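A closer look at the structure
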There are 2 protein chains.
Amino acid sequence: MKDKEAEMFILEIEKNFETFSFNKGEFIPLFQSNKKEIALIKSGKVSLMKSDINGNLLYIDHFKKNEMFSKLWIYNEENDLFFVCTTPVELYFLDYTLFIQGTNQKYLSFFLEKSIQYMTYLHQKITILQKKNMEEKLLTYFRIESEKNGNKRFEIPVTYKELADYLGVDRSSLMRKLNELEQKKKIKKQGKTIFLKN
Amino acid sequence: MKDKEAEMFILEIEKNFETFSFNKGEFIPLFQSNKKEIALIKSGKVSLMKSDINGNLLYIDHFKKNEMFSKLWIYNEENDLFFVCTTPVELYFLDYTLFIQGTNQKYLSFFLEKSIQYMTYLHQKITILQKKNMEEKLLTYFRIESEKNGNKRFEIPVTYKELADYLGVDRSSLMRKLNELEQKKKIKKQGKTIFLKN
DNA sequence: AAACTTATGTGACAATTGCAACAGTTCTTT
DNA sequence: AAAGAACTGTTGCAATTGTCACATAAGTTT
């Protein structure tokens, strides 16, 4: 299924499903519900966050337009995760049970395609996180972002605080490492814009 | 789809698909092929490995009976990954294109169910890897393994070398940390058997 | 059974990273 | 526009982790 087909499909969903709206800062009550729901974002951004013992919020990941998220595939044994809107958000709730039992194979194929994209993304993230030091984590992350944008110059789509959480490192150590990489001429940094050399 | 249904389904696959056999140490040529193939393991174990610049082999993950693997959802931009059999292996090759275009919805549902299981697993792994220090990584890993076995006492299913790779840490540092955790009475360790306290 | 390879275990030392504290900046809300 | 909150940037220091080197144990192959 190509991107265009996917968009056509989303148009079809738009006809058949109700839109739900959320304000910035609101929670998406997926972990609270018993239903096997999958959220598809029509517009806006949703972050997956974790609250740790001290009440600090840890950024895990985020989802944006045309991406799906669901508690179905999130590991939340400690019950400390939640989805929060970081912008105003419009989304659809799709019922997984209907997906899988329904007769419309299009829905299934679409969802499967999305799942595969997401698995690839998770593998990318693991590739980054399995690196043994921060420099390699950062450079791998930058390479992936750079490829995604098809350009050596790109914007970091999150705050540096969130990037530190994402990489599982300390924020101030991250800043120090960024300076170091700049001194070693491996990157150039202007605010959130990174230029990756070589 | 319950485990039993999944097993029934695998029996059906067994009827319709050819089995391929591999010796221990052999590569599964998925990255070499152009086909969109998904391997389903009938018996044996397959590891996903990475060869780094120095020619060292890094363990990424492994797959076992009734689990699927495919290059479709693996990030292999640097072309340094491969699947290798760590035991004698029998498996089926399923064609993703047929899956998605075919009329047999059972296949689709089965594959989707497997995909969701795998996404959950990847999220678990990310939960471990995003921890900021080795102690938390280890204890989270142990908790997950313990839950999976339904027992505070469980076997580590890989070598300590592989576990270090998996967690993205140095092997000798891992050994040191294990001793430390034992001294702090957080675990008890006998060879590959771990007893998780509290 | 011997030779060989791979895994486990330990220690000294260097390098990296986390932590805490603080100042300046930017973004949000009132 | 002012106040408040959150983010960015920097530093010293302590704690953690990686590297290297080597010894022993376990597993594999011949």
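Description of the structure in this document. Here the structure is a predicted model, which means the values were calculated and not measured.

Our next topic: the packing of helix 3 (residues 105-129) of chain A against helix 4 (residues 134-149) of chain A. All names here are of chain A. Contact geometry for helix 3 and helix 4: axes closest at 8 Å, N-to-C directions at 150°. Considering their axes alone, helix 3 and helix 4 lie roughly antiparallel with respect to each other. Here helix 3 contributes Gln124, Thr127, Ile128 and Leu129 to the contact with helix 4, which in turn contributes Lys137, Thr140, Tyr141 and Ile144. The class makeup of the residues in the contact of helix 3 with helix 4 is four nonpolar, three polar and one charged.

To continue, consider helix 6 (residues 171-183) of chain B. Since one α-helical turn is 3.6 residues long, residues separated by three or four positions face the same way. Residue and element names in this part refer to chain B. Along its 13 residues, helix 6 runs 19 Å from first to last C-alpha, staying within 8% of the 18 Å computed at 1.5 Å per residue. Where the residues of helix 6 are buried, they touch helix 4 (134-149), helix 5 (160-167) and strand 10 (187-190). Looking one or two places after helix 6, you find lysine 185, whose phi comes out positive at around 60°.

Let's shift gears to the interface of chain B and chain A. Across the boundary between the two partners, chain B contributes 45 residues, which contact 45 residues of chain A. Looking only at chain B, the three residues that lose the most surface to chain A are Tyr75(B), His123(B) and Gln130(B), adding up to 19% of its buried area. Here chain B is connected to chain A by zero salt bridges. At the junction of chain B with chain A, the criterion picks out 12 residue pairs in polar contact (both at pLDDT 80 or more). Those elements giving two or more residues to the side of chain B that touches chain A turn out to be strand 4 (46-51), strand 5 (57-63), helix 2 (96-101), helix 3 (105-129), helix 4 and helix 5 of chain B. Ranked by the residues each element gives to the side of chain B that touches chain A, the list is headed by helix 3 of chain B, at 18 residues. Of the residues in the side of chain B that touches chain A, the class split is 22 nonpolar, 12 polar and 11 charged.

In terms of strand pairing, strand 10 of chain B meets strand 11 (residues 193-196) of chain B through four bridges, oriented antiparallel. Note that in strand 11 of chain B the partner of Gln190(B) across the bridge is Thr193(B).

All names here are of chain B. One non-glycine residue with positive phi stands out, namely asparagine 79, at about 55°. Classification of asparagine 79 by relative accessible area gives exposed; the value is 66%. The backbone of lysine 185 sits at a positive phi, close to 60°, despite the residue not being glycine. As for its position among the elements, lysine 185 is in the loop between helix 6 and strand 10.

In this section: the side chain of His62(A). Residues and elements named next belong to chain A. By the secondary structure assignment, histidine 62 is in strand 5 (residues 57-63). Accessibility expressed as a relative area gives 19% for histidine 62, which makes it buried. Only 2.6 Å separates the side chain of histidine 62 from the side chain of tyrosine 59, close enough to count as a polar contact. Sequence-distant contacts of histidine 62, that is, excluding residues within four places in its chain, are made with Lys45, Val46, Ser47, Glu67 and Val158.

Residues and elements named next belong to chain A. If you walk across this open sheet you meet the four strands as 1-8-3-6, and the pairing is antiparallel. With one partner strand each, in any of the chains shown, strand 1 (20-22) and strand 6 (68-69) form the two edges of the open sheet. Where strand 3 (residues 37-43) and strand 8 (residues 89-95) come together, six bridges link them in antiparallel fashion. Bridge assignment links glutamate 37 to a residue of strand 8, and that residue is aspartate 95.

Criteria and cut-off values
Residues numbered from 1 in each chain as written. Chains lettered and ligands numbered in written order. Predicted model: local features only at pLDDT ≥ 70, side-chain atom pairs only at ≥ 80, totals over all residues. Heavy atoms only, no water. Axes fitted to C-alpha atoms, helices over the stretch in contact; angles between N-to-C directions. Helix = DSSP H or I, 4+ residues; strand = E, 2+ residues; numbered from the N terminus. Parallel < 35°, antiparallel > 145°, perpendicular 65-115°, else oblique. Contact = heavy atoms within 4.5 Å. Nonpolar A, V, L, I, M, F, W, Y, C, P; charged D, E, K, R; others polar. Expected span 1.5 Å × (residues − 1). Buried area = accessible area lost by both parts, 1.4 Å probe. Salt bridge = Lys/Arg side-chain N within 4 Å of Asp/Glu carboxyl O. Polar contact = N/O pair within 3.5 Å; in protein donor to acceptor, adjacent residues only side chain to side chain. Pairing = 2+ DSSP bridges. Buried < 20%, exposed > 50% of the residue type's maximum accessible area, 1.4 Å probe, protein only.

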